[in-house]
Amino acid sequence: RWRDAETGTALLRACADRRREAGSTRVLGPLDGSTWFSYRVVSDEAPAGVTHPPFASEPWKPTAVGRAFEEAGFAPVAHYLSSVVDALPDESEQAAADRARLADAGIHLRAFDPGHAQDELASLHGLLLRAFAGNPNYAPLAEERFQALYGPLVAQVDPALVLNAEHERQRVGV
């Protein structure tokens, strides 16, 4: 673990040099096994006084980490954005029409059920395997590992904020 960008830069350069010496033509980082785990560097500084990530499992690394990757010659291969919405709008006529259109297509919407967390996670796991299979750096994750990673987070889930979309008892969206 490094304490400053200079130490991190030296470590990253040394690692990249070792990979080149071993014949690698491309080094990608940070990547902890696959995109199911920590794989991003947050480039924005945390707002003053904020000491924890705004989302469960969100990477939360000091700004020095991002600087070290940049100074070691790494460049972003993708950009992501996470944001917080403080106030949800009231249900609009458009939302009501969208719900009716989904119902006509046989898609049922329901809230997350924390009382059946293992079943909910199993269904979500299947959806995510299908949804992300074509993404860069994706590798499938066994359901047991998925349950172990995300099961502890269920207690933090507000069921009113997680809407599941199902078609013929198969989850098709969340």
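Comments concerning the packing of aromatic side chains
Remark: the centre distance and the inter-plane angle together describe each pair of aromatic rings, the angle taken between the planes.
Part 1 of the argument: Inspection of every chain in the model, using the stated rule, returns four aromatic pairs.
Part 2 of the argument: Each ring, one from Phe 69 and one from Phe 74, has its centre 5.1 Å from the other, and the planes form 80 degrees; the classification is edge-to-face.
Part 3 of the argument: By relative accessible area, Phe 69 is classed as buried at 11%.
Part 4 of the argument: Look at Phe 74 and you get buried, because its relative accessible area is 17%.
Part 5 of the argument: Aromatic ring contacts, followed pair by pair, group Trp 36, Tyr 138, Phe 146 and Tyr 150 into a single cluster.

Comments concerning the environment of Phe 132
Part 1 of the argument: Considering the arrangement of structural elements, one finds Phe 132 in helix α4 (residues 117-132).
Part 2 of the argument: What makes Phe 132 partly exposed here is its relative accessible area of 36%.
Part 3 of the argument: Considered as a pair, Phe 132 and Thr 35 are 97 residues apart in the sequence and their alpha carbons are 9.6 Å apart.

Here we look at the sheet that holds strand β3 (residues 170-173)
In sheet architecture, strand pairing relies on hydrogen bonds along the backbone and comes in two forms, parallel and antiparallel.
Part 1 of the argument: Read from one edge to the other, the open sheet built from three strands follows the order β1-β2-β3, with strand pairing classed as antiparallel. Edge positions in the sheet fall to β1 (107-111) and β3, since each has one partner strand and no second. Looking at each pair of strands side by side, their axes are set apart by 45 degrees on average, direction ignored.
Part 2 of the argument: By the bridge criterion, five bridges tie β1 to strand β2 (residues 163-167) in an arrangement that is antiparallel. Bridging across to β2, His 108 finds its partner in Glu 166.
Part 3 of the argument: Sitting on the sheet, α4 is in contact with β1, β2 and β3, with an inclination near 55 degrees to β3.

Things to note about the pattern of salt bridges
Part 1 of the argument: As enumerated under the stated definition, the model contains five salt bridges in all.
Part 2 of the argument: Measuring nitrogen to oxygen at the nearest pair gives 2.7 Å for the salt bridge that ties Glu 120 to Arg 110. In this pair, Glu 120 sits in helix α4 while Arg 110 sits in strand β1, placing the two residues 10 residues apart along the sequence.
Part 3 of the argument: By relative accessible area, Arg 110 is classed as partly exposed at 23%.
Part 4 of the argument: Across the pair Glu 120 and Arg 171 runs a salt bridge, and its minimum N-O distance is 2.4 Å. Of the two residues, Glu 120 is situated in helix α4 and Arg 171 in strand β3; the sequence distance between them amounts to 51 residues.
Part 5 of the argument: Each of the salt bridges in this network shares a partner with another, and the network as a whole consists of Arg 110, Glu 120, Glu 166 and Arg 171.

Criteria and thresholds
- Residues numbered from 1 in each chain as written.
- Predicted model: local features only at pLDDT ≥ 70, side-chain atom pairs only at ≥ 80, totals over all residues.
- Heavy atoms only, no water.
- Phe/Tyr/Trp six-rings, centres within 6.5 Å; stacked < 30°, edge-to-face > 60°.
- Buried < 20%, exposed > 50% of the residue type's maximum accessible area, 1.4 Å probe, protein only.
- Helix = DSSP H or I, 4+ residues; strand = E, 2+ residues; numbered from the N terminus.
- Pairing = 2+ DSSP bridges.
- Axes fitted to C-alpha atoms, helices over the stretch in contact; angles between N-to-C directions.
- Contact = heavy atoms within 4.5 Å.
- Salt bridge = Lys/Arg side-chain N within 4 Å of Asp/Glu carboxyl O.

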